Amino acid sequence: PVLMRLKTDLAHVLMLAATGRLAELESLEWDPRPAVCVVMASEGYPGEYTKGQVINGIEAANQVPGAKVFHAGTTLKYGEVVNAGGRVLGVTALGETLSDAKQAAYAAVNKISWQGGWFRTDISDKAQP
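Residues numbered from 1 in each chain as written. Predicted model: local features only at pLDDT ≥ 70, side-chain atom pairs only at ≥ 80, totals over all residues. Heavy atoms only, no water.

## Brief notes about the overall build of the protein
Turning to step 1, where the next piece is worked out: In terms of helices and strands, the protein carries 4 helices and 6 strands.
Turning to step 2, where the next piece is worked out: In terms of its C-alpha atoms, the protein occupies a principal-axis envelope of roughly 45 × 35 × 30 Å.
Turning to step 3, where the next piece is worked out: Looking at the protein as a whole, 34% of its 129 residues qualify as buried.
Turning to step 4, where the next piece is worked out: Long-range pairs, those at least 24 residues apart, make up 65% of the contacts in the protein with a sequence separation of at least 6.
Turning to step 5, where the next piece is worked out: Entry remark: accessible area of the protein is about 8000 Å², with carbon and sulfur atoms responsible for 53%. (Helix = DSSP H or I, 4+ residues; strand = E, 2+ residues; numbered from the N terminus. Buried < 20%, exposed > 50% of the residue type's maximum accessible area, 1.4 Å probe, protein only. Contact = heavy atoms within 4.5 Å. Areas by Shrake-Rupley, 256 points an atom, 1.4 Å probe, with all protein chains shown as cover.)

And the structure:
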């Protein structure tokens, strides 16, 4: 969720840090809107889980306004994205309100599926606006 809110060019920040010139960065610019991230995981995580299941719907999820899918436990196999870890995707969205961000994140999550994929349905329920 933090990266969704960062408006400053991350590559520039990382280059400055890598070259010991971070002091040249005047400040970071942040989007003031809230962000919500729903982790999609492999069934069985954190224990045993099946790997190599084709993940469908990532492109459609990325089309949800304000949403972006971040890969964590994925790999390409024969040109298709498959699960390769327990915590597979971080489906994140910005919204004008916390409720809007949650709604967009779950709208994106609901476009993604793979055999054994699951997610919690209570993300951000206890957050304070």
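## Re helix α2 (residues 10-18)
Think of an α-helix as turning once every 3.6 residues; residues three or four places apart then point the same way.
Turning to step 1, where the next piece is worked out: Between the side-chain oxygen at the start of α2 and the backbone nitrogen of Ala11 there is a gap of 3.2 Å, and the oxygen is on Asp9.
Turning to step 2, where the next piece is worked out: Immediately beyond the C-terminal end of α2, within one or two residues, lies Gly20, with a positive phi of roughly 70°. (Polar contact = N/O pair within 3.5 Å; in protein donor to acceptor, adjacent residues only side chain to side chain.)

## What about the sheet that holds strand β1 (residues 35-42)?
Turning to step 1, where the next piece is worked out: Spatially, 4 strands are ordered β2-β5-β1-β6 in an open sheet, and the strand pairing comes out antiparallel. The sheet terminates laterally at β2 (67-71) and β6 (117-119), the two strands that pair on one side only. Neighbour-to-neighbour, the strand axes of this sheet turn through a mean angle of 25°, independent of strand direction.
Turning to step 2, where the next piece is worked out: Where β2 lies against strand β5 (residues 87-94), 5 bridges are found, and the strand directions are antiparallel. (Pairing = 2+ DSSP bridges. Axes fitted to C-alpha atoms, helices over the stretch in contact; angles between N-to-C directions.)

## Notes on the pattern of salt bridges
Turning to step 1, where the next piece is worked out: One pass over the structure, following the stated rule, counts 6 salt bridges.
Turning to step 2, where the next piece is worked out: The shortest N-O distance in the salt bridge between Lys102 and Asp125 comes to 2.2 Å. Residue Lys102 is located in helix α4 (residues 98-109), and its partner Asp125 is located in the segment after β6; the two are separated by 23 residues in the primary sequence.
Turning to step 3, where the next piece is worked out: Sharing partners across several salt bridges, the network here consists of Asp31, Arg33 and Glu96. (Salt bridge = Lys/Arg side-chain N within 4 Å of Asp/Glu carboxyl O.)

## Notes on the environment of His71
Turning to step 1, where the next piece is worked out: Inspection of the secondary structure puts His71 in strand β2.
Turning to step 2, where the next piece is worked out: Separated by 53 residues in sequence, His71 and Ala18 place their C-alpha atoms 23 Å apart.
Turning to step 3, where the next piece is worked out: Leave out the neighbours within four places in its chain, and His71 touches Ile58, Val81, Val88 and Leu89.

## So, α4
Turning to step 1, where the next piece is worked out: In a regular helix each residue adds 1.5 Å, so 12 residues correspond to 16 Å; α4 covers 16 Å between its end C-alpha atoms and thus fits that length.
Turning to step 2, where the next piece is worked out: Where α4 is buried, its residues touch β1, α3 (58-62), β2, β5 and β6. (Expected span 1.5 Å × (residues − 1).)

## Some words on the nonpolar core
Turning to step 1, where the next piece is worked out: Grouped together as the largest cluster of nonpolar side chains are 23 residues, with contacts concentrated most on Leu89, Val91 and Ile112.
Turning to step 2, where the next piece is worked out: At the level of secondary structure, the elements contributing two or more residues to this core comprise β1, α3, β2, β5 and α4.
Turning to step 3, where the next piece is worked out: In terms of residue count, the dominant contributor to this core is α4 (7 residues). (Core = buried A, V, L, I, M, F, W, Y, C linked by side-chain atoms within 4.5 Å.)

## Examining the pairing of strand β3 (residues 74-77)
Turning to step 1, where the next piece is worked out: Strand direction decides the pairing type here: β3 and strand β4 (residues 80-83), joined by 4 bridges, are antiparallel. Within β4, the residue paired with Thr75 across the bridge is Val82.
Turning to step 2, where the next piece is worked out: With antiparallel pairing between neighbouring strands as the criterion, β3 and β4 make up a hairpin whose turn holds 2 residues, including Tyr78 at a positive phi of roughly 55°.

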